[in-house]
There are 2 protein chains.
Amino acid sequence: VYNIRPPLPAVGGNEGVAEVVEAGAQVSDLQKGDWVLPAAPGFGTWRTLAVAPAASFIRVRSDIPAEYAATVSVNPCTAYRMLRDFVALKPGDVIMQNGSNSAVGVAVIQLARRMRVRTINIIRDRPDLSYVLSRLTSWGADLVFTEDEIRGPKAREALAKLPKPVLGLNCVGGTSAAEVARLLADGAQLITYGGMSRKPVTVPTGTLIFNDIVVRGFWMSRWIATHSRAERSAMLDDLLEMIHNGELEANIETVPFARFSDALLRSKQGYRTHKVVLKFE
Amino acid sequence: VYNIRPPLPAVGGNEGVAEVVEAGAQVSDLQKGDWVLPAAPGFGTWRTLAVAPAASFIRVRSDIPAEYAATVSVNPCTAYRMLRDFVALKPGDVIMQNGSNSAVGVAVIQLARRMRVRTINIIRDRPDLSYVLSRLTSWGADLVFTEDEIRGPKAREALAKLPKPVLGLNCVGGTSAAEVARLLADGAQLITYGGMSRKPVTVPTGTLIFNDIVVRGFWMSRWIATHSRAERSAMLDDLLEMIHNGELEANIETVPFARFSDALLRSKQGYRTHKVVLKFE
């Protein structure tokens, strides 16, 4: 169901960081040792080595953990844009999201905290609920409820003490999206960036007509296609600075890296002029 | 489920035209014989007589059928606004709607025709289908399909010959709304103004994320509350001019009017200064 379908055969993988191991003679803006991210979606990062035009990459700082550089380009960027591009949020405002323990969700919590925007977070019930609760709270989540709790009196009481959310973020769909829509302030926006329940987004008719809720979607790939490389670089630099300063953490499980071999490289033609040779970690 | 709930006991009725039968001495802008519409929603028009401040009414022309004046303020106005306030439509553009034989739907068809905007119309299957088809076509409907037909090969072929719709109008909800959403152009808007199926508006997640469809609602009462009396008067004058010229017809069944009695009037105090006395037809 995904909207990016490269011609087959293709290398999978949309995200990753690579290190430049060799730069062609006419490449001026990248050099050996630089870290880069693919500039366009769907580059195919599930590989050890690549030879491609230097313009296909964006250089990023290399003084942060590689896991963070490798995973910054989709989820934290999605959180970053959704908090900026739909509603003009100001300190004290409240937003609401489901799937709050997702990679985007935990970035939303931390980015909102820096903006002094309060977050109401919905998560699925789970065996390690208290662990997840403590993680989200440590990152700055103001309120956290399970999908069941959000419909109950405890949530109602807690929500009544806050201004109604002016922005809702949905990555679940179905009744979970309807629940977020129902609780938003009049004129608020509900942004869908995922559909983990595989159910469509359902919004009560009255919520649209009487509460004037605006329902739309966000897709990072479209943002990339419709914005300049400079705008994207500025966003990445901003996020990587936060990561460097310990202000933006992620749920990352690290596994031992497969070490690259450069056997494949020998067969590539022309890489010594305009192209760079990359090693993906 | 409706959002206007006057204090009880109350007189029902949101729409209607009234004739001024007497104007208070300090009333300068209305006089005996004028036709007026209530300025605010929820006035309570299911009555024979009323005494109320002159500022509660908007004068309209009286050289059109009373049935039209009595029904212009909600449905034709809703069609008028939905074609102007969401997408900047230009001649040749295509829009799509369900519930196309509703009072709003038939106004949309006729207003779109004047804007040289083409309409794709969905209606329910019904015994008098060929009659409804001929009516909608005579008013300018470009394509008309039943809810079943819109999913079939005949509709697919016809739709492929037109640009994709940049605006969708929904008064049904449920799968009918999803069907309209699915067929819209990237970046199009889907406006909900009713929920006749009593099912929520359902939009596929991919339609929001990948096609960038904006889903929102329209409620005439909010528009009235957030716009000036002059803006509303201009819209009403525009619509009544079209009605006068035979450019905007409606599905109206006329029934004999109940004649008013002025017995109630005698008990009203103070109507001879700032108030007007009205007769509703």
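Residues numbered from 1 in each chain as written. Chains lettered and ligands numbered in written order. Predicted model: local features only at pLDDT ≥ 70, side-chain atom pairs only at ≥ 80, totals over all residues. Heavy atoms only, no water.

Undergrad: An account of the overall build of chain A is requested, with residue identities and associated values reported.
TA: Of the regular secondary structure elements, chain A holds nine helices and twelve strands. A compact globule built from 281 residues would reach a C-alpha radius of gyration of about 19 Å, and chain A, at 21 Å, matches this within 12%. Taking the principal axes of the C-alpha coordinates as reference, chain A spans close to 65 × 35 × 35 Å. Every one of the 281 residues in chain A was classed for burial, and the buried ones make up 52%. Considering only contacts within chain A whose residues lie at least 6 apart along the sequence, 72% involve residues at least 24 apart. (Helix = DSSP H or I, 4+ residues; strand = E, 2+ residues; numbered from the N terminus. Rg over C-alpha atoms; globule rule 2.2 N^0.38 Å. Buried < 20%, exposed > 50% of the residue type's maximum accessible area, 1.4 Å probe, protein only. Contact = heavy atoms within 4.5 Å.)

Undergrad: A description of the interface of chain B and chain A should follow, citing residues and the corresponding values.
TA: The interface of chain B with chain A comprises 27 residues on the first partner and 27 residues on the second. Together, the buried faces of chain B and chain A total about 2200 Å²; carbon and sulfur atoms form 61% of this surface. Here chain B and chain A share two salt bridges between them. For the interface between chain B and chain A, the tally reads seven residue pairs in polar contact (both at pLDDT 80 or more). Those elements that provide at least two residues to the side of chain B that touches chain A are β10 (201–203), α7 (205–209) and β11 (214–217) of chain B. Relative to β10(B), strand β10 (residues 201–203) of chain A runs antiparallel, the two sharing three bridges. Of the residues in β10(B), the one forming a bridge with A:Val201 is B:Val203. (Buried area = accessible area lost by both parts, 1.4 Å probe. Salt bridge = Lys/Arg side-chain N within 4 Å of Asp/Glu carboxyl O. Polar contact = N/O pair within 3.5 Å; in protein donor to acceptor, adjacent residues only side chain to side chain. Pairing = 2+ DSSP bridges.)

Undergrad: Which residues make up the packing of aromatic side chains, and what are the values?
TA: Remark: the centre distance and the inter-plane angle together describe each pair of aromatic rings, the angle taken between the planes. Residues and elements named next belong to chain A. For the coordinates displayed, the defined rule picks out six aromatic pairs over all chains. Seen from their ring centres, phenylalanine 43 and phenylalanine 57 are 5.2 Å apart, and the 70° between their planes marks the pair as edge-to-face. Of this pair, phenylalanine 43 sits in the loop between β2 (35–38) and β3 (49–53) while phenylalanine 57 sits in strand β4 (residues 57–60), placing them 14 residues apart in sequence. An identical accessibility class is assigned to phenylalanine 43 and phenylalanine 57; each is buried. If you follow arginine 84 out to its NZ or CZ, it ends over the ring of tyrosine 80, 3.7 Å from the centre. (Phe/Tyr/Trp six-rings, centres within 6.5 Å; stacked < 30°, edge-to-face > 60°. Lys NZ or Arg CZ within 6 Å of the ring centre and 35° of its normal.)

Undergrad: Help me get a handle on unusual backbone geometry, residues and values and all.
TA: Trans peptide bonds make up the majority, and among non-glycine residues the majority have a negative phi. All names here are of chain A. Looking along the chain, the bond that leaves leucine 8 and enters proline 9 is cis, with omega of -5°. With respect to the helices and strands, the residue proline 9 is situated in the segment before β1 (18–23). Positive phi outside glycine occurs at aspartate 212, with the angle close to 60°. Within the element layout of this structure, aspartate 212 appears in the loop between α7 (205–209) and β11 (214–217). Among the residues examined, aspartate 212 registers a relative accessible area of 18% and is labelled buried.

Undergrad: Could you give an account of helix α3 (residues 103–114) of chain A, naming the residues involved and the relevant values?
TA: Residue and element names in this part refer to chain A. Between its first and last C-alpha atoms α3 spans 17 Å; for twelve residues at 1.5 Å apiece the expected length is 16 Å, and the two agree. Counting buried positions along α3 gives nine out of twelve residues, so the element sits mostly inside the fold. Every buried residue belonging to α3 is among Val104, Gly105, Val106, Ala107, Val108, Ile109, Gln110, Leu111 and Ala112, and all of these are buried. Each element contacted by the buried residues of α3 is listed here: α2 (75–82), β5 (94–97), β6 (118–123), α4 (129–139), β8 (167–170) and α9 (229–244). (Expected span 1.5 Å × (residues − 1).)

Undergrad: For the nonpolar core, give the residues involved together with the corresponding values.
TA: Judged by nonpolar contacts, the single largest core of 45 residues is most densely connected at A:Ile120, A:Phe145, A:Ile150, A:Val215, B:Ile150 and B:Val215. The contacts of B:Val215, once residues within four sequence positions are left out, are A:Leu208, A:Ile213, A:Val214, A:Val215, B:Leu190, B:Val201, B:Val203 and B:Leu208. (Core = buried A, V, L, I, M, F, W, Y, C linked by side-chain atoms within 4.5 Å.)

Undergrad: Can you break down the environment of A:Gly194 residue by residue, with the values?
TA: As for its placement among the helices and strands, A:Gly194 is situated in the loop between β9 (189–192) and β10. Setting aside its immediate chain neighbours within four residues, A:Gly194 contacts A:Asn170, A:Cys171, A:Val172, B:Thr205 and B:Ile209.

Undergrad: With reference to specific residues and values, describe the side chain of A:Gln189.
TA: Residue and element names in this part refer to chain A. With respect to the secondary-structure elements, glutamine 189 resides in strand β9. In this structure the side chain of glutamine 189 is engaged in a polar contact, spanning 3.3 Å, whose partner is the backbone oxygen of phenylalanine 86. Setting aside residues no more than four positions away along its own chain, glutamine 189 makes contact with Phe86, Val87, Val166, Leu167, Gly168, Leu184, Val214 and Arg216.

Undergrad: Which residues make up the relation of the copies chain B and chain A, and what are the values?
TA: Both copies of the chain are placed relative to one another by a rotation about an axis and a shift along it. Take chain B, turn it by 180°, move it 0.0 Å along the axis, and it overlays chain A with an RMSD of 0.0 Å. The relationship between the two copies is best expressed as a two-fold rotation axis. Of all interface residues in chain B, 100% are interface residues in chain A too; the two copies therefore contact each other through one and the same surface. (Least-squares fit on C-alpha atoms with pLDDT ≥ 70 in both.)

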